[in-house]
Amino acid sequence: MDTKFIGKKSAAAGGWGALKSCGKRLLQSGMPISGARTMLKANQPDGFDCPGCAWGDPEHGSSFEFCENGVKAVAWEATEKRATPAFFAEKTVSQLRQLTDYELELNGRLTRPMRYDAASDRYLPVAWEDAFAEIGSILTGLDNPNRAEFYTSGRASNEAAFLYQLFVRVYGTNNFPDCSNMCHEASGIAMRQAVGVGKGTVLLEDFEEADAIFVIGQNPGTNHPRMLGDLRRAAIRGARVVVFNPIRERGLERFSDPQDKVEMLRGGSTDIASLYLQPQLGGDMAAVRGMAKAALAAEDAAVAAGLPSVLDHAFLAEHCAGFAEYRAAVEATNWADIEDQSGLSRQEIERAADVYINAERVICTWAMGVTQHLHSVATIREIANFMFLRGNIGRPGAGLCPVRGHSNVQGDRTVGINEKPSDDFLDVLEKHFRFTVPREHGHNVLAAIGAMLDGSAEAFIGLGGNFARATPDSALVEKALRRLKLTVHIATKPNHSHLMPGETAFILPCLGRTEVDLNAAGNSQLISVEDSMSMVHGSAGINRPASSHLLSEVAIIAGIAQATVGSAVVDWAELADDHDRIRDHIEATIPGFENYNTRLRKPRGFHLRNTAAHREWDTPAGKASFSSEALPDETVHQRARKGEGRFALQTFRSHDQYNTTVYGLDDRYRGVYGERQVIFIHPADLEAMNAKAGDRVDVVGEHDDGIERIAENFRFVPYDIPRGSIAGYYPELNVLVPLGSAGRESDTPTSKSIMVSFRRRKTA
């Protein structure tokens, strides 16, 4: 059996392996010297914001901030390779569709706007003005603006996102399917219910003061590596780091900081996790409920012994609503159910609770391991409940910290990308721009796909991203896109979404984050982004554009808007030529952006005030609100074990990818090389199936909607993961994620809760 793709895992995250990987990606880009110089400006006050993750920058600005993923993202964007019209002339769209995501994007940067020609099944060059005119004609020809879908990727700047939402609302719809619908929607909903604001309550500086940091359903080593530096510094000064993750992830075990010369020279590394617990998929809510139960028991014991209270009674009395009901719900939850659902023992959970009880200041962070389940909103409410018990919100070194993925996914929402906008926002927008805004709620991602499938949507415009590969039920989404009258993709590189053309289809190439954007006067344009800690900072590209035919995202949006709705309400060309004017409008319509242009030009930018961080609670109760929801009746792993041969699957990234962008085929932190079609599985589960490492299987979805979903030709990798739970990479496994399975309240695809079985394949 061929198992050559399974090799040695890195001894620690970061270290020489990270430096080697950075060098490899810079060489692959064809621009090793200029790429290295470019990185010196990443996340610096006079440079550009990294186009990768949304991990925060320090307010005090004392550190030199970039990481392996940042190098990969910059090298990917700054490559010398070009996907020119000649590239599209060589192969038909049908032929290009046979390429993998990795092979397709290796062809480099798009250089010209392209229009699909159905007769030749090829993309052909088109002039910008012709593209804008035809797009505008089709959009205005629809009998209802709600028949168009306007998608946004988290890489769009605040300026582009604001202009986009303004154009779409002038056009007449709130259809804003957004990448956040597929990741942290549950975080925003749950936190607004609990504390009145859908954003994290901490600053990066709080990690310097925390006594304990709980990391739940998150893999910083791959998804936001700069976070490892902050966890490492916390561990070195004695803070406890408690991890809840079904998978043993190297970055949460040990980290060697490439920017620490002594550690690198000695070949050393730092232990990150003080306690590493591996719950079953979907078991996080039960685990947190168990810690709360242990904390309440410790409080009772302290009272009985005349010892100081475990709970922060002053905080609970002054700032919280619903504590009595929550306490009753916790006491009604028995340990047997907690252990069965979490997959952890009572002793393990109590050890984690002890860390919490003995820490004065606690931060809790989480990501999509929490948010992509049926009960994600309830889980995040439970995390907030747990943090309320000891007053760990609204003081230094403590708070809630959902860690976003894309670099500006949080900022896009802040400036108006929302299919369910508040009346307050719409009122201000209507008054400021003097037009009648649409009030009907629009489509999120799943609703947009449904509308495309049933024919009620006829047009799709994607502001960045790779919609066809990022979404669930890949086969259905491809079908949905190809039946539309119009598809438009604003992008930097070719991707698979471009190969699902509608009746009329355009690829519109835009500038990247690292590239200079000059206006008519020859001045460099500044954009802005918001990170996971609500810091807003400027970003100005420094590289020459990949092609003289590229336009900025802002200019492309303005061109489409002008051709579609005209300039009676907004002078789009004026805004495209001066981003300061866009920021003036943001300042006038969105709270927190006072003196936007002035503050943006200060080093490290400025912080958007977070009311919950100041213990001001914008909730119906006017207080931080407990939730007393019961545990789920059943989680995915509990359902899976009822049927023989069934498993609970989660999708995740390899270390050599960012979202749907695949930089390479290695995952050195997990010991997989040159292969992506793999299933990570417990060795005992392999043995029970009479299977071995490297065996080939088809993975079969087990959703009860009558649709056959199969991911073909995957190979087993034995791994440290709970029995009954398995894992593998997206987008390859997105074909198994059912459209009909979405989080309650959040409507987020349940990509961490997929029921599957296996069909053995014959050995080649």
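If you're wondering where the values come from, they're calculated on a predicted model, not measured in any experiment.

Among the nonpolar cores identified, the biggest contains 62 residues, and V195, F214, F244, F388 and L389 are the most heavily contacted of them. The biggest single contributor to this core is helix α14 (residues 284-305), with 10 residues. Not counting the four nearest positions on each side in its chain, L389 is found in contact with A292, A295, L296, L311, D312, L316, F323, Y326, Y356 and F626. Residues A148, V415, C510 and I586 belong to the second largest nonpolar core, which totals 60 residues.

Time to look at the pairing of strand β8 (residues 240-244). Burial of β8 is extensive: four of the five residues sit out of reach of the surface. As paired strands, β8 and strand β11 (residues 275-277) are joined by three bridges and run parallel to one another. What sits directly across from V243, in β11, is Y276.

Within helix α3 (residues 68-77), 10 of the 10 residues are buried, which leaves the element mostly enclosed by the surrounding structure. Among the residues making up α3, those that are buried are E68, N69, G70, V71, K72, A73, V74, A75, W76 and E77.

A few words now on unusual backbone geometry. Residue P731 is bonded to the preceding Y730 through a cis peptide linkage, with omega at 10°. Structurally, P731 can be placed in the loop between β30 (725-729) and β31 (754-760). The backbone phi angle of N713 is positive, close to 65°, even though this residue is not glycine. One can find N713 in strand β29 (residues 710-718). Despite not being glycine, D747 shows a phi value in the positive range, around 60°. We classify D747 as partly exposed; its relative accessible area is 30%.

Conventions adopted
- Residues numbered from 1 in each chain as written.
- Predicted model: local features only at pLDDT ≥ 70, side-chain atom pairs only at ≥ 80, totals over all residues.
- Heavy atoms only, no water.
- Core = buried A, V, L, I, M, F, W, Y, C linked by side-chain atoms within 4.5 Å.
- Buried < 20%, exposed > 50% of the residue type's maximum accessible area, 1.4 Å probe, protein only.
- Helix = DSSP H or I, 4+ residues; strand = E, 2+ residues; numbered from the N terminus.
- Contact = heavy atoms within 4.5 Å.
- Pairing = 2+ DSSP bridges.

Function cannot be read off these values alone, since they describe shape.
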